[in-house]
Amino acid sequence: FTMQDLYLSLSSNKLRISTVNDKSGLSSVTEELTNNVAKNSSIVDPFTFGSILAETISKVTSLSKNKLLLNVIVEPEDTVVTFFTIPKSALGNEGLALEEIKKRIGGVDLNNLYFSYKRIAPFLYQFVGINKKFLEAWIEVSNNIGIGLKSLVPWNLLLPKYVGVTD
């Protein structure tokens with residue numbers, strides 16, 4: 001049994017769902033949402049949103065829920081993506097890493113984020129955080145409609161990285 005990925009985005013109260021399959025190729029649909037259901041990229045009413053989402057999904061695929069997975073493209077206002085450095089003498093010092101993160105993201109409370117950071121070069125780290133309320137709303141929607149939540153991906157991480165390009 002083959003799982004089919006659904007790619008969703010929610011921006012400016014527009015829900016967009018796309019999927020690709022071998023038979024029909026790309027299928028995509030857009031649904032305009034009211035402010036009592038969603039506000040810009042935030043889910044206001046997870047239960048109603050889930051009902052609309054389930055109905056909209058049926059417009060792009062006829063597969064049953066147990067064969068579908070949700071992949072959500074996350075807007076920049078719901079994520080924090082940044083880089084920070086740590087001196088060689090402080091490598092492994094998690095307290096210093098958190099202080100550097102706090103400096104870089106200024107004004108954002110780490111308690112309101114699910115986050116991770118990873119060393120990507122000898123002294124360079126990448127930090128990625130997602131708003132807790134945003135993630136929890138999508139988990140609630142996923143549970144309500146019975147379709148697994150596979151991923152939440154900040155769209156700015158999908159942009160290509162150019163190194164040594166002067167354009």
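One structure accompanies this document, and this report is about it.

The rules behind the values
- Residues numbered from 1 in each chain as written.
- Predicted model: local features only at pLDDT ≥ 70, side-chain atom pairs only at ≥ 80, totals over all residues.
- Heavy atoms only, no water.
- Salt bridge = Lys/Arg side-chain N within 4 Å of Asp/Glu carboxyl O.
- Helix = DSSP H or I, 4+ residues; strand = E, 2+ residues; numbered from the N terminus.
- Buried < 20%, exposed > 50% of the residue type's maximum accessible area, 1.4 Å probe, protein only.
- Expected span 1.5 Å × (residues − 1).
- Arc of directions from axis to C-beta.

### A short note on the pattern of salt bridges
1) Next: The full count for this structure, using the stated rule, is 4 salt bridges.
2) Next: Here K102 and E99 are joined by a salt bridge, their closest N and O atoms 3.8 Å apart. Here K102 and its partner E99 are both found in helix α2 (residues 94–105), 3 residues apart, which amounts to about one turn of the helix.
3) Next: On the basis of relative accessible area, K102 is assigned to the partly exposed category, the value being 43%.

### Overview of the environment of I17
1) Next: With respect to the secondary-structure elements, I17 resides in strand β2 (residues 14–21).
2) Next: Owing to a relative accessible area of 0%, I17 belongs among the buried residues under this scheme.
3) Next: Placed 94 residues apart in sequence, I17 and N111 show a C-alpha to C-alpha distance of 31 Å.

### A short note on helix α1 (residues 46–57)
1) Next: An ideal rise of 1.5 Å per residue puts 16 Å on 12 residues; α1 measures up with 16 Å between its terminal C-alpha atoms.
2) Next: Those residues of α1 that fall on the buried side of the exposure criterion are P46, F49, G50, L53, T56 and I57. Seen from one end, α1 has its buried residues packed into an arc of 130 degrees, which puts them on one side. Summarising the geometry of α1, the exposed residues directed more than 90 degrees from the buried face are F47 and E55.

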